[in-house]
Amino acid sequence: MKIIIPTKGRADVIREKALRLFPDATLCVGADEVEAYSRLSDRLLVHPPEVVGIGPLRQWVLDHVDDPCVVMVDDDVTHVYSQVGFHKERIEDADTARAIVERMAILAQDAGVRVFGFNQAARPLTYANFRPFSLDTWVGGVVGIIGRELRYDQRLLLRADIDFCLQSLLHDRIVLVDGRYSFIHTRFAGAGGNARQRSSERHAQEMAYLRRKWGPYLDIVQAKGTTRLVVRVSR
Amino acid sequence: MARTENAAKNAAAPTAPPKPPLRLEWIEAGSLTENPMNWRRHSQEQLQSLRELLDDPQVGWAGACLYNERTCRLIDGHARREVVDPKTPVPVLVGNWTAEAEAKILATLDPVGAMATGDVAAYEALIAQVQADGLWVRDLLHQTAAGLVAADVAAEEGPADEDQASGLPAMECQPFEHYDYLMLMFRHEQDFQQACEVLGIKKVEVTYPGGLKKIGLGRVVDGAKAIDRLMAAGKAGGGA
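What comes next concerns the included structure. Owing to the predicted nature of the structure, the values given are computational and were not obtained by experimental measurement.

Along chain B, the regular secondary structure elements total eight helices and six strands. Listed N to C, the secondary structure of chain B is α-β-α-β-β-α-β-α-α-α-α-β-β-α in terms of helices and strands. Across the 240 residues of chain B, 25% fall into the buried class. With an accessible surface of roughly 16700 Å², chain B has 58% of that area assigned to carbon and sulfur atoms.

This is the structure in structure tokens:
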């Protein structure tokens, strides 16, 4: 299993974010930022500058990493919540974080699943102890991929993960999501990351594209000023 | 007789060569008057893409504006006129049309072009050969490809009021399909070991940071395989 953190423009802060939680991870950076990031880690995977946006970048990583199991972690992930029990437990220890991911990779491999991840909402009261895994939703933030049969849609610069998971639901029938743990993002203020690709027009275009591509299996919910994507596939 | 003489004189007099119906000239962008009937609105994305292409040393000017010298108005090329310095000479096809014809050209030039449909595979093969360094042009290529795919999907979906689910029938579970899991809790070492043996649960290596390796158990068994193994163990047990 190889943990990759795609990152851009955040060499000054990533040591306090995802690189602290996954110190052994490989940083995937643009050729123009090698110098800045090489001060932090000698594990760099350097992509050409023309590879931009979530879909193209994730696919580039899959095309350039030999390990059959790749876990891509957003660079703003800072900690994990365990939702087992009535109170969530905050986990910041790197060994534990890696163990959580690694065990999930083993479970997915054993289950014959090609895409896996974790609960995207840290709400212990909605976590069902008797149903620790869900099979019919999507993952983002920390995305595990086994094999190379599925390919990211490189037209999607922003919302590529949900499309990838829907592809997995279409072809592999399930996505394995561990409901016990949630990886938490601490949003960066300002630029960096994928910010350059974001615009309301681009977002609207991708939503329209996803809606047409997946029809009733993707629900786009506007609530409290944010757009929530809900997979409506029953398994 | 006088008429015949005049005609002969006229025939002999040198006349200026007629202007070709359409000619290419380089004209300062600022001197091209916008057409008040222009109905196209240009987004910032479009203007940025144009700028990027015009600044691209490999591309530069690869098309001309269209100008009606009779009305002294631009017909096509408003965006190109906007993105360059007014002093810049730009390539212009100059023609001569009535105001009515000008309106007809303005109303049909872009829509006729837009009537062409796109072949997704051909476009993808084309852009595979295109090295786009600029973000705006790259985005334009992605958007065009996405638009072609979306149009393809829409065409496959059929009429808008048709049940959209028919577009992706494979997403629906077949009657026999079912995905779920069971958990088994053991409270006795012997039971656990026996279950691992019967179900074929293997040891797996777990690597920790620093290279430390620990041996753990893979704990997921495919349901169909589990049934086979349990049945085989049952038969073996029954035969013993």
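Structure's up, so let's keep going.
Turning to the pattern of salt bridges, a few remarks are in order. It is possible for side chains of opposite charge to pair when their charged atoms get near one another. All names here are of chain B. As enumerated under the stated definition, the model contains 25 salt bridges over all chains in all. Here Arg23 and Glu25 are joined by a salt bridge, their closest N and O atoms 2.6 Å apart. With a relative accessible area of 29%, Glu25 lands in the partly exposed category. In this structure, Glu69 and Arg23 form a salt bridge, with 2.6 Å as the shortest nitrogen-oxygen distance. One end of the pair, Glu69, is in the loop between β2 (65-68) and β3 (73-76); the other, Arg23, is in strand β1 (residues 22-28), with 46 residues separating them in the sequence.

The next thing to look at is helix α4 (residues 99-114) of chain B. Residues and elements named next belong to chain B. Helix length check: α4, at 16 residues, gives a terminal C-alpha distance of 24 Å against a target of 22 Å (1.5 Å per residue), a fit within 8%. Largest kink in α4: about 30°, centred on Thr108, with the proline Pro111 one to four residues after it. Here α4 has its buried residues at Glu102, Ile105 and Leu106. Elements in contact with the buried residues of α4: β2 and β3.

A separate point is the pairing of β2 of chain B. Residues and elements named next belong to chain B. In β2, alternate side chains face the same way, and those of Cys65 and Tyr67 on one face and Leu66 and Asn68 on the other are all buried. Taken together, the four bridges between β2 and strand β4 (residues 89-95) define a ladder with parallel strand orientation. From the neighbouring strand, Cys65 faces β4, where its bridge partner is Val92. Linking β2 to β3, which pair antiparallel, is a turn of four residues; within it Cys72 sits at a positive phi near 60°.

So, on to the packing of aromatic side chains. One pass over the full model with this rule turns up five aromatic pairs over all chains. When the ring of Phe22 of chain A is compared with that of Phe183 of chain A, the centres are 6.0 Å apart and the planes differ by 25°; the resulting orientation is stacked. You can see Phe22 of chain A sitting in the loop between α1 (18-21) and β2 (26-30) and its partner Phe183 of chain A sitting in strand β10 (residues 176-185), a full 161 residues away along the chain. Phe183 of chain A shares its class with Phe22 of chain A; the two are buried. On the basis of an interplanar angle of 65° and a centroid distance of 4.9 Å, the ring pair of Phe118 of chain A and Phe183 of chain A is categorised as edge-to-face. One end of the pair, Phe118 of chain A, is in strand β7 (residues 115-119); the other, Phe183 of chain A, is in strand β10, with 65 residues separating them in the sequence. There is no split in this pair, since Phe118 of chain A and Phe183 of chain A are both buried. Feature note: the residues Phe22, Phe118 and Phe183 of chain A constitute an aromatic cluster, connected by ring pairs. The ring centre of Tyr81 of chain A lies 4.5 Å from the NZ or CZ of Lys88 of chain A, which sits over that ring. For the cation-ring pair, Arg40 of chain B lies above Trp39 of chain B, with the distance from its terminal atom to the ring centre recorded as 4.8 Å.

Phi at Arg173 of chain A takes a positive value of approximately 80°, unusual for a residue other than glycine. Looking at the element boundaries, Arg173 of chain A is found in the loop between α5 (160-171) and β10. One non-glycine residue, Cys72 of chain B, adopts positive backbone phi at about 60°. Relative to the assigned elements, Cys72 of chain B resides in the loop between β2 and β3. We classify Cys72 of chain B as partly exposed; its relative accessible area is 39%.

Take the sheet that holds β1 of chain B next. All names here are of chain B. Read across the sheet, four strands follow the order β1-β4-β2-β3 without closing on themselves; strand pairing throughout is mixed. Here the strands that pair on one side only, and so sit at the sheet edges, are β1 and β3. Between one strand and the next, the sheet's axes are offset by a mean angle of 40°, whatever the strand orientation. Alignment of β1 against β4, held across seven bridges, turns out to be antiparallel. In the strand pairing of β4, Arg23 is matched with Val94. Each of β2 and β3 touches α4; the most contacted strand, β3, lies at about 30° to it.

The rules behind these values
Along every chain, residues carry numbers that run from 1 in the direction the sequence is written. Whichever chain is written first is A, and whichever ligand is written first is 1; the rest continue in order. Given that this is a predicted model, residues contribute local features only at a pLDDT of at least 70 and side-chain atom pairs are listed and counted only at 80 or more, while totals for whole chains, interfaces and linings are drawn from all residues. With hydrogens and water excluded, all non-hydrogen atoms of the structure serve as input to the side-chain values. In this description a helix means any DSSP run of H or I spanning at least four residues, a strand means any run of E spanning at least two, and both kinds are numbered starting from the N terminus. Buried residues are those whose accessible area, probed at 1.4 Å on protein chains only, stays under 20% of the maximum for their type, while exposed residues exceed 50% and partly exposed ones sit between those limits. For accessible areas, the Shrake-Rupley method is used with a probe of radius 1.4 Å. Any residue's cover is judged against the shown protein chains and nothing else. Throughout this description, the term salt bridge denotes a Lys or Arg side-chain nitrogen within 4 Å of a carboxyl oxygen of Asp or Glu. Each helix should span, by expectation, one fewer than its residue count multiplied by 1.5 Å. Think of it this way: the bend at a residue is just the angle between two axes, each fitted to seven residues, one set ending at that residue and the other starting at it. Contacts between residues were defined by any pair of non-hydrogen atoms, one from each residue, lying within 4.5 Å. Strands are treated as partners if at least two bridges between them are detected by DSSP. Centres within 6.5 Å are what make two rings of Phe, Tyr or Trp a pair, Trp counting through its six-membered ring; a difference in plane orientation under 30 degrees is then read as stacked, over 60 as edge-to-face, and the rest as tilted. Over a ring means this: the NZ of a Lys or the CZ of an Arg is within 6 Å of the ring centre and within 35 degrees of the ring normal. To get an axis, a line is fitted to the C-alpha atoms, and for a helix only the part in contact is used. The angle between two axes follows their N-to-C directions and goes from 0 to 180 degrees.

Keep in mind these values describe shape, not function.
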